[in-house]
Amino acid sequence: MDMEKRLRDVMDRSVEERQIAGMNLLVKRDGQEICYCQCGLADREKGRAFSRDTILRLFSQTKPVTAAAAMILMERGMVDIQQPVEDFLPEFAGQQVLCEQGCRASRQQMTVKDLLHMTSGLAYPHPESAAGRYADSVYAQANRRLRTENPMTTRELAARLAQGPLEFEPGSSWQYGASADVLGALIEAATGRCLAGFMEEEIFAPLGMEDTGFWVVPKKQERLAVTYETVRREDGKNDLIPYGEDHLGIQSRMEREPALASGGAGLASTLDDYMRFAEMLLGEGQRLGVRILRPATVRFLTGGQLSAVQQEPFHRQVGLEGYSYANLMRVCKNPARAGTFTTEGEYGWDGWLGVYFANFPKEKLTILMGMQAKDGCTFPLARKLRNVVVGSLC
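Predicted model only: the values in this text are computed from it and were never measured. (Residues numbered from 1 in each chain as written. Predicted model: local features only at pLDDT ≥ 70, side-chain atom pairs only at ≥ 80, totals over all residues. Heavy atoms only, no water.)

Visitor: Explain the pairing of strand β6 (residues 102-105) to me, please; I cannot follow it from the model alone.
Guide: It is a general feature of regular strands that their side chains alternate between the two faces of the sheet. Direction of pairing for strand β5 (residues 96-99) relative to β6: antiparallel, over a ladder of four bridges. Bridging across to β6, Leu-98 finds its partner in Cys-103. Linking two consecutive strands that pair antiparallel, namely β5 and β6, is a turn of two residues. (Pairing = 2+ DSSP bridges. Helix = DSSP H or I, 4+ residues; strand = E, 2+ residues; numbered from the N terminus.)

Below, the structure written as structure tokens:
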């Protein structure tokens, strides 16, 4: 049985069992397409099939693009990775850190590196701590204001997050959180340009990523996949219902140009568009003669790792044994400890609704998957599919 047949079998079974409504998958090696597969529906209610030009909400798969944007500024001498965040965003001066007595003044300044490595102490919304609850209140307000005359902006989101407590002293631990959103605001402050415009001019337009951006224009709305939530029926079988709630300050329909360009979760794209970005990284910053980053910059971007003290909570919270984390991506350091087939140096990230990105630099291989299913129910499926690819090609 060839690789494509195995992939299609796994994908079709997931649709039949209603784990997902539909998906697509693209694999390229050394610039050559190895396979493209699609199955199921992008819109069950309208009977619209998943297709090659289906537009997907990237959510956290936005983060590697934001990291690349930060690298552009480092190359130009506009940002130093060890620089305090407050040099660009003064609201981050005098941060408070959670402690047993409540809060205390931070002894360490948050740096740009802390934002890139998720060692800032900034939280995403969660109920377990005051930092998580405060972040929840900020993002909830951003959601409420999305369609008003006074939507929250990228810079305002960062300023409001700065007013809350940090989970820990910057640099002393690791936690997945709002760091990339603050990094997006920092890029705006450093350049004097909006994040959306900066990415369009410096990354998307040069690479020909015509379907990538922070919103989906009216003429492309029919190509945007519907998000589905899996629910259990009384007979024990799965069913799928549309999920349309706004999340992290991002419009579910992405129908309006947003004031808040979320560097952590705001982009929409297609597999072919994101492949252009992935191939640029595999090409050491260049694709088809268009250079975005220098080779040394790409090696820095894709080869970092956490310190020993930061690594422990990364494994505990994420479960990526064999990997480290740097520049808003996982990086494989020890394939023997990994829970999936992989090779040393593999890097990438995924998104809340099931999009998935992995680059294998030694093999010049890229795997991309597109799904739109709520709450990470697609993660086991993504692991199965990448095991088929890596087991066949590496």
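Visitor: Explanation requested: the pattern of salt bridges in the structure shown.
Guide: Pairing of side chains with opposite charge becomes possible as their charged atoms draw close. For the structure on display, the rule yields 29 salt bridges. Note that Asp-43 is salt-bridged to Arg-48, the shortest N-O span being 3.9 Å. Through salt bridges with shared partners, a single network forms among Asp-53, Asp-211, Lys-220 and Arg-223. (Salt bridge = Lys/Arg side-chain N within 4 Å of Asp/Glu carboxyl O.)

Visitor: In this structure, what is going on with helix α6 (residues 179-191)? I would like to understand it.
Guide: Residues lying three or four places apart along an α-helix face the same way, a consequence of the helix completing one turn every 3.6 residues. Its 13 residues give α6 an end-to-end C-alpha distance of 18 Å, which sits within 8% of 18 Å, the value for a rise of 1.5 Å per residue. Turning to α6, its buried residues are Ser-179, Ala-180, Asp-181, Val-182, Leu-183, Gly-184, Ala-185, Leu-186, Ile-187, Glu-188 and Thr-191. Buried residues in α6 make contact with α2 (63-75), α3 (112-117), α4 (130-144), α5 (154-162) and α7 (195-207). Of the residues flanking the end of α6, it is Gly-192, one or two places downstream, whose phi is positive at about 70°. (Expected span 1.5 Å × (residues − 1). Buried < 20%, exposed > 50% of the residue type's maximum accessible area, 1.4 Å probe, protein only. Contact = heavy atoms within 4.5 Å.)

Visitor: Explain the packing of aromatic side chains to me, please; I cannot follow it from the model alone.
Guide: Pairs of aromatic rings are described using the distance from one ring centre to the other and the angle between the two planes. Taken as a whole and assessed by the stated rule, the structure comprises 13 aromatic pairs. When the ring of Tyr-124 is compared with that of Tyr-176, the centres are 5.8 Å apart and the planes differ by 75°; the resulting orientation is edge-to-face. Taken as a pair, Tyr-124 in the loop between α3 and α4 and Tyr-176 in the loop between α5 and α6 lie far apart in primary sequence, 52 residues in all. On the basis of relative accessibility, which here comes to 21%, the residue Tyr-176 falls in the partly exposed class. Among the aromatic residues, those joined into a ring-pair cluster are Tyr-124, Tyr-139, Trp-174, Tyr-176, Phe-314, Tyr-325 and Trp-349. (Phe/Tyr/Trp six-rings, centres within 6.5 Å; stacked < 30°, edge-to-face > 60°.)

Visitor: Just to check I follow, could you spell out α5 for this structure?
Guide: With seven of its nine residues buried, α5 lies for the most part within the structure. The complete set of buried residues in α5 reads Thr-154, Glu-156, Leu-157, Ala-158, Ala-159, Leu-161 and Ala-162. Close packing links the buried residues of α5 with α4 and α6.

Visitor: I tried to follow empty space enclosed by the protein on my own but got confused; where do I start?
Guide: All chains considered together, the criterion is met by four cavities of 30 Å³ or more. Size it by volume and the largest cavity reaches roughly 70 Å³. Residue lining of the largest cavity: Phe-214, Gly-249, Ile-250, Gln-251, Met-254, Pro-258, Leu-260, Ala-261, Ser-262 and Gly-266, and that is the complete set. Residues that form the lining of the largest cavity fall into these classes: six nonpolar, four polar and no charged. If you trace the second largest cavity, you find it lined by Arg-57, Phe-59, Thr-227, Tyr-243, Glu-245, His-247, Ile-250, Gln-251, Ser-252, Trp-352 and Leu-353. (1 Å grid on protein atoms, 1.4 Å probe; cavity = no way out; pocket = protein on both sides within 12 Å on 5 of 7 lines; lining within 4 Å. Points joined across faces, edges and corners; volume = space filled by probe spheres on them. Nonpolar A, V, L, I, M, F, W, Y, C, P; charged D, E, K, R; others polar.)

Visitor: Can you walk me through unusual backbone geometry in this structure?
Guide: Glycine aside, residues mostly have negative phi angles, and peptide bonds mostly take the trans form. For Leu-248, which is not glycine, the phi torsion reads 55° and is therefore positive. Following the sequence through the fold, Leu-248 ends up in the loop between β8 (238-242) and β9 (268-269). Although it is not a glycine, Glu-284 sits at a positive phi angle of roughly 55°. Along the chain, Glu-284 falls in the loop between α8 (271-282) and β10 (286-287).

Visitor: Mind showing me how you'd approach the environment of Arg-386 here?
Guide: Checked against the element boundaries, Arg-386 lands in helix α11 (residues 379-393). Here Arg-386 is in contact with Tyr-323, Arg-330, Thr-340, Phe-341, Thr-342, Glu-346, Tyr-356, Ala-358, Phe-360, Ile-367, Met-369 and Gly-391, once residues within four sequence places are set aside.

Visitor: What should I look at first to understand the packing of helix α1 (residues 3-16) against α11 in this one?
Guide: Each packed pair of helices is defined by two parameters, the angle between the axes and the distance between the axes. Viewed as axis vectors pointing N to C, α1 and α11 meet at an angle of 175°, and their least axial separation amounts to 10 Å. Looking at the two axes, α1 sits roughly antiparallel to α11. In contact with Met-3, Arg-6, Leu-7, Val-10, Met-11 and Ser-14 of α1, α11 contributes Leu-381, Lys-384, Leu-385, Val-388, Val-389, Ser-392 and Leu-393. Residue composition of the contact of α1 with α11, grouped by class: nine nonpolar, two polar and two charged. (Axes fitted to C-alpha atoms, helices over the stretch in contact; angles between N-to-C directions. Parallel < 35°, antiparallel > 145°, perpendicular 65-115°, else oblique.)

Visitor: How do you make sense of the state of the cysteines when you look at a structure like this?
Guide: Applying the stated criterion across every chain yields a total of zero disulfides. Left without a disulfide partner, Cys-35 is nearest to the cysteine sulfur of Cys-37, which lies 4.4 Å away. As a non-bridged cysteine, Cys-39 has Cys-37 as the owner of its nearest cysteine sulfur, 8.6 Å distant. By relative accessible area, which is 7% here, Cys-39 ends up buried. (Disulfide = S-S within 2.5 Å.)

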